[in-house]
Each structure stands twice: as C-alpha cells, then as structure tokens.
Amino acid sequence: MGHTACQRVFWLCDFAGEPGAETTPFTNAAYNCPGDDDLEHVLDAEALVGALDSTFGIVESCLDRWTVDMLSEEFRRTWDGDVSVHTRGSVIQRLFSHDAYHCGELSQTLGIAGLPQIDLWE
C-alpha cells in the first residue's frame, strides 16, 4: 500500500503540479518510493497509516477544488525524452483504478487466509 500512496503523490503532485507532497513521506515520489523503489526503507505499519492518510488528504483537496470542467485539462511531462499527456480526469481515474486493483489483491489474500475481506463501501 506504500506503493499506492506514493503513486498518489507522483500523479497529483509531481505530474499534475498539485501541492502537498511535503506533507507526505514521498517528497521524491518520481524516483524513490519506500518499499517499492527503495527496499532499504520499507514503511512500518504506523508509517504506512500516516502515508495513506497524508496522501488521501491530497486526493481530497483535489476533489474539493477540481470542477467537472477542469477534468479535461491536460498535463504534459517529458521523461527521458518521452512526452506524457494526461487529463485531470484520467489522473483521478488512474489513481482510483490503481487503488481498487490493490484492494482486490489484498481482499483475495485475506480471503485465502480465512480473514474478512476489504469492503470499500462499508
């Protein structure tokens, strides 16, 4: 889940230019996600909860400020000579589908272990 939190900072702050990266443990999300790119500094449970809370704060801020008309606005980023173009709407959809994918993985693992699965709509 640290990877998922780091992805939120990358897409919203690094790519889309939104504020808030400094409130998270992912101040260099494009290059260094603890537990993903950086296996020397894996987040413990307490740090992971803090990371999830801080990155959901960025998502919440965007959802509070972005209007429907803004969802078609494009962002461009050049990375190693390649240009990436995404809209605000595609960034939000990407983050939602990424979170849902990992929640599905976790639910499957919990179910195999006989534990209650994640209910996103509880």
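Small disclaimer: the values here were computed from a predicted structure and weren't measured.

Draft legend 1. Quick look at the overall build of the protein chain. Each helix and strand in the protein chain was counted, giving three helices and two strands. Listing the helices and strands of the protein chain from first to last along the sequence gives α-α-β-β-α. The principal-axis extent of the C-alpha atoms belonging to the protein chain is close to 45 × 35 × 25 Å. Within the span of the protein chain, comprising 122 residues, buried residues form 34% of the whole. A sequence separation of at least 24 residues applies to 56% of the contacts in the protein chain between residues at least 6 apart. When the accessible surface of the protein chain is totalled, it reaches about 7700 Å², and 53% of it is carbon and sulfur. Positive and negative charge centroids in the protein chain, built from 6 and 21 side chains respectively, lie 10 Å apart.

Draft legend 2. Representation of the pattern of salt bridges. Applying the stated criterion across every chain yields a total of five salt bridges. A salt bridge links Glu18 to Arg88; the shortest N-O distance between them is 3.3 Å. Linking Glu18 in the loop between helix H1 (2–15) and helix H2 (45–65) with Arg88 in helix H3 (residues 88–112), this pair joins segments that are 70 residues apart in sequence. Across the pair, Arg88 and Glu18 agree in class, each one buried. The salt bridge involving Arg76 is made with Glu74; its shortest N-O contact spans 3.3 Å.

Draft legend 3. Representation of a nonpolar patch on the surface within the structure. There is a patch of nonpolar side chains on the surface, built from Leu106, Ile118, Leu120 and Trp121 and spanning about 430 Å² of accessible area. Tracing the backbone through its elements, the reader meets Leu120 in the segment after H3. For Leu120, a relative accessible area of 44% gives the class partly exposed.

Draft legend 4. Just the packing of aromatic side chains, in detail. In the structure shown here, the tally under the stated rule is four aromatic pairs. Judged by centre distance (5.2 Å) and plane angle (85 degrees), the rings of Phe10 and Trp11 are edge-to-face. Taken as a pair, Phe10 and Trp11 share a single burial class, namely buried. Centroid distance Phe15 to Phe75: 6.4 Å. Interplanar angle 75 degrees. Geometry classified as edge-to-face. Linking Phe15 in helix H1 with Phe75 in strand S1 (residues 74–79), this pair joins segments that are 60 residues apart in sequence. A relative accessible area of 7% places Phe15 in the buried class. Grouping aromatic residues by their ring pairs yields a cluster made of Phe10, Trp11, Phe15, Phe75 and Trp79. Over the face of the ring belonging to Phe56 we find Arg8, whose NZ or CZ atom lies 3.8 Å from the ring centre.

Cut-offs used in this document
- Just so you know, the residues in each chain are numbered from 1, in the order the chain's sequence is written.
- Given that this is a predicted model, residues contribute local features only at a pLDDT of at least 70 and side-chain atom pairs are listed and counted only at 80 or more, while totals for whole chains, interfaces and linings are drawn from all residues.
- Computation of side-chain values: all heavy atoms of the structure, hydrogens and water removed.
- Helix and strand labels come from DSSP, where a helix needs a run of H or I of at least four residues and a strand needs a run of E of at least two; each type is numbered from the N terminus.
- A 1.4 Å probe rolled over the protein chains alone gives each residue an accessible area, and that area as a share of the maximum for its type sets the label: buried under 20%, exposed over 50%, partly exposed in between.
- Contacts are assigned to residue pairs with any non-hydrogen atoms lying within 4.5 Å of each other.
- The method behind every accessible area is Shrake-Rupley, applied with a 1.4 Å probe, and residues are considered shielded solely by the protein chains displayed.
- Here Asp and Glu are counted as negative and Lys and Arg as positive; His is not counted, and neither are the chain ends.
- Throughout, a charge is located at the NZ atom of Lys, the CZ atom of Arg, the CG atom of Asp or the CD atom of Glu.
- Salt bridge, as used here: a side-chain nitrogen of Lys or Arg that lies within 4 Å of a carboxyl oxygen of Asp or Glu.
- Patch criteria: residues need more than 30% relative accessible area and no salt bridge. Like-charged residues are merged within 9 Å; nonpolar side chains of Val, Leu, Ile, Met, Phe, Trp and Tyr are merged within 5 Å.
- Working definition: rings of Phe, Tyr and Trp (its six-membered ring) pair if their centres are within 6.5 Å, and the pair is stacked with planes under 30 degrees apart, edge-to-face with planes over 60 apart, and tilted otherwise.
- By definition, being over a ring means that NZ of Lys or CZ of Arg is both within 6 Å of the ring centre and within 35 degrees of the ring normal.

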